[in-house]
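Tertiary structure, described
As a plain string of letters, each chain reads:
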Amino acid sequence: MPQSLNADLHCHSVVSDGTLTPEQLAARAHANGVQLWALTDHDEIGGQHRAAAAAHALGMDYLTGTEISVTFANTTVHIVGLGFDADDARLAQGLAATRGGRGERAREIARQLARAGIAGTYEGALCYVENPELISRTHFARYLVETGVCRDMGEVFRKYLTEGKPGYVPHRWAALGHAVRWIRDAGGVAVIAHPARYRFTANEEYALFSEFRQHGGQGVEVVTGSHTSAEYRTYAAMAQEFGLAASRGSDFHSPDESHTDIGTLPGLPAHLTPVWELLDHRILRAPQRPVAV
Ligand code: AMP
Ligand code: MN
Ligand code: MN
Ligand code: MN
């Protein structure tokens, strides 16, 4: 698989906080020229078989994926897993445990928003949820935009749902070492998602990268919809410094919300090892179509 491959290894469906089905995402990825695709729902792998089948029906290669919520240095960090066995029981148990606190957290978010004068948000958010185990802040944000409380999703997160604001509920997610181990033991590769998003100090970021490596993590997202082009360069250098492979993914959630469409990012810097090189044996290849004669 060449460096220049149009790979998109990060996006979300209705199985977590996206608005398209796995089949609609596959079609959109294919239409945008994606050659290797992974669906990476938050703390969930319930869409994996559908995504792989839809990719293969379109002649597109597929890597299994998920994005695990982790607590590191009192901050939520996301770890993408790629190329694991989607039927691995320990990974499924770990993800179920990680999802477990979301229902109670959502009720507490709603209680806080009610105290801030916005009633009915739990029921409101639930209208946007397709997977009852995966209620997220995104679903609250959609409801607050729909009801005119905020103009857009960005405003919701600026005014509510983030640290120091009403509707922010601190939550303990998986441990970094556990998330990496679940992915690795299931045959996959662990990747630090959108590292520029965490606003860590230099020391904290160094600790994240070195502990991630010690636990067996092997990749970092360099080209993502969450990074500026200056940040591509920063994390290309970090990938080299820590001997990590580089990943590329839009983090697409919705045609109405996401500014980066699936498969439209620039390629990885040429000197980096693409994460799909480590995963050659894990790619679920589309069946060859008969050649017309
Ligand atoms: P949760 O896993 O419930 O904490 O929700 C996290 C999700 O909220 C992320 O995966 C994003 O999809 C979304 N999110 C976080 N910050 C923002 C933001 N500033 N604007 C839009 N969506 C955001
Ligand atoms: Mn999300
Ligand atoms: Mn993320
Ligand atoms: Mn994501």
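Notes on the structure in this doc start here. In this text the structure is predicted, and so the values were computed from the model without any measurement. In this numbering scheme, every chain counts its residues from 1 along its sequence in written order. Whichever chain is written first becomes A and whichever ligand is written first becomes 1, with later ones labelled in order. Selection of residues for local features in this predicted model requires a pLDDT of at least 70, selection of side-chain atom pairs for listing and counting requires 80 or more, and totals for whole chains, interfaces and linings are taken over all residues. Side-chain measures were taken over the full set of non-hydrogen atoms in the model, leaving aside hydrogen atoms and water.

Further remarks concern the overall build of the protein chain. Per the convention used, a helix needs a DSSP run of H or I reaching at least four residues, while a strand needs a run of E reaching at least two, with both numbered from the N terminus. Scanning the protein chain from terminus to terminus reveals 11 helices and eight strands. In terms of principal-axis extent, the alpha carbons of the protein chain reach across some 65 × 50 × 40 Å. Per-residue burial for the protein chain yields a buried fraction of 55% across its 293 residues. The contacts of the protein chain with a sequence gap of at least 6 include a subset with a gap of at least 24, amounting to 73%. To be clear on the numbers: accessible area is Shrake-Rupley with a 1.4 Å probe, and residue cover counts the displayed protein chains and nothing else. Within the structure as shown, the protein chain displays about 12,700 Å² of accessible surface, and the carbon and sulfur contribution to it stands at 49%. Between the mean site of the 26 positive side-chain charges and the mean site of the 33 negative ones, the protein chain shows a separation of 3 Å. We call a residue buried when its accessible area falls under 20% of the maximum for its residue type, exposed when it is over 50%, and partly exposed in between, using a 1.4 Å probe and counting protein chains only. Pairs of residues are marked as contacts when any of their non-hydrogen atoms sit within 4.5 Å. This count recognises Lys and Arg as positive and Asp and Glu as negative, with His and chain-terminal groups excluded. Taken as the charge location is NZ of Lys, CZ of Arg, CG of Asp or CD of Glu.

Let's shift gears to the site of ligand 1. Whether a residue is near a molecule or strand is decided by its heavy atoms; if any one of them lies within 4 Å of it, the residue is near. Around ligand 1, a shell composed of Asp17, His42, Arg102, Arg105, Ser136, Arg137, Thr138, Phe157 and His253 is seen. Contact distances for ligand 1 include 3.0 Å between an oxygen atom and a side-chain N or O atom of aspartate 17. Contact with the protein chains removes 76% of the 500 Å² of surface that ligand 1 exposes when unbound. Of all the secondary structure elements, the ones that give two or more residues to the shell around ligand 1 are α4 (102-115) and α6 (137-146). Classification used: nonpolar for Ala, Val, Leu, Ile, Met, Phe, Trp, Tyr, Cys and Pro, charged for Asp, Glu, Lys and Arg, polar for all others including Gly. Taken together, the residues of the shell around ligand 1 sort by class into one nonpolar, four polar and four charged. Counting of polar contacts relies on pairs of N or O atoms within 3.5 Å, with two restrictions inside protein: one atom must be capable of donating a hydrogen and the other of accepting it, and residues adjacent in sequence are counted only when both atoms are side-chain atoms.

It is worth spelling out the coordination of the manganese ion (ligand 3) at this point. Nitrogen, oxygen and sulfur within 2.8 Å of a metal are treated as its donors, or within 3.2 Å for sodium, potassium and calcium (Na, K, Ca); water is not counted, so a site can appear incomplete. Protein ligation of the manganese ion (ligand 3) involves Glu67 (OE), His78 (ND1) and His194 (NE2), the donor distances falling in the range 2.1 to 2.2 Å. Separating the manganese ion (ligand 3) from the manganese ion (ligand 2) is a gap of 5.7 Å. Taken as a pair, glutamate 67 in strand β4 (residues 65-72) and histidine 78 in strand β5 (residues 75-82) lie far apart in primary sequence, 11 residues in all. This pair shows no difference in class: glutamate 67 is buried, exactly as histidine 78 is.

Time to look at helix α2 (residues 48-57). Among all positions of α2, only Gln48, Ala51, Ala52, Ala54 and Ala55 are buried. With its buried residues spanning 165 degrees around the axis, α2 presents them on a single face. Exposed side chains of α2 directed beyond 90 degrees from the buried face belong to His49 and Ala57. Where the residues of α2 are buried, they touch α1 (22-31), β2 (36-37), β3 (61-62) and β4. This arc is built from the directions going out from the helix axis to the C-beta atoms.

A few words on the pattern of salt bridges. A pair is scored as a salt bridge if a Lys or Arg side-chain nitrogen falls within 4 Å of a carboxyl oxygen belonging to Asp or Glu. As enumerated under the stated definition, the model contains 13 salt bridges in all. Of the charged contacts in the structure, one is a salt bridge between aspartate 280 and arginine 285, with a shortest N-O distance of 3.2 Å. A residue is classified by how much of its surface remains accessible, and aspartate 280, at 37% relative accessible area, is partly exposed. Arginine 285 gets classed as partly exposed once you look at its relative accessible area, which sits at 39%. Salt bridges sharing common partners tie together Glu104, Glu108, Arg111 and Arg115.

Further remarks concern the nonpolar core. With 54 residues, the main nonpolar core has Leu9, Ile79, Val222 and Val275 as its most contacted residues. The contacts of valine 275, once residues within four sequence positions are left out, are Leu9, Leu82, Val189, Val191, Ala245, Ala246 and Ser247. One finds Ala106, Val129, Cys150 and Tyr160 within the second-largest nonpolar core, a separate group that totals 19 residues. Residues belong to a common nonpolar core when they are buried Ala, Val, Leu, Ile, Met, Phe, Trp, Tyr or Cys residues joined through side-chain atoms within 4.5 Å.

A word on the coordination of the manganese ion (ligand 4). The coordination sphere of the manganese ion (ligand 4) contains the protein donors His10 (NE2), His12 (NE2), Glu67 (OE) and Asp251 (OD), at a distance range of 2.1 to 2.2 Å. Sequence spacing of the donor residues for the manganese ion (ligand 4), all on one chain, is H-x1-H-x54-E-x183-D. The distance between the manganese ion (ligand 4) and the manganese ion (ligand 2) comes to 4.6 Å. Placement of histidine 12 in the loop between β1 (7-8) and α1 and of glutamate 67 in strand β4 is noted, with a sequence separation of 55 residues between them. For glutamate 67, a relative accessible area of 0% gives the class buried.

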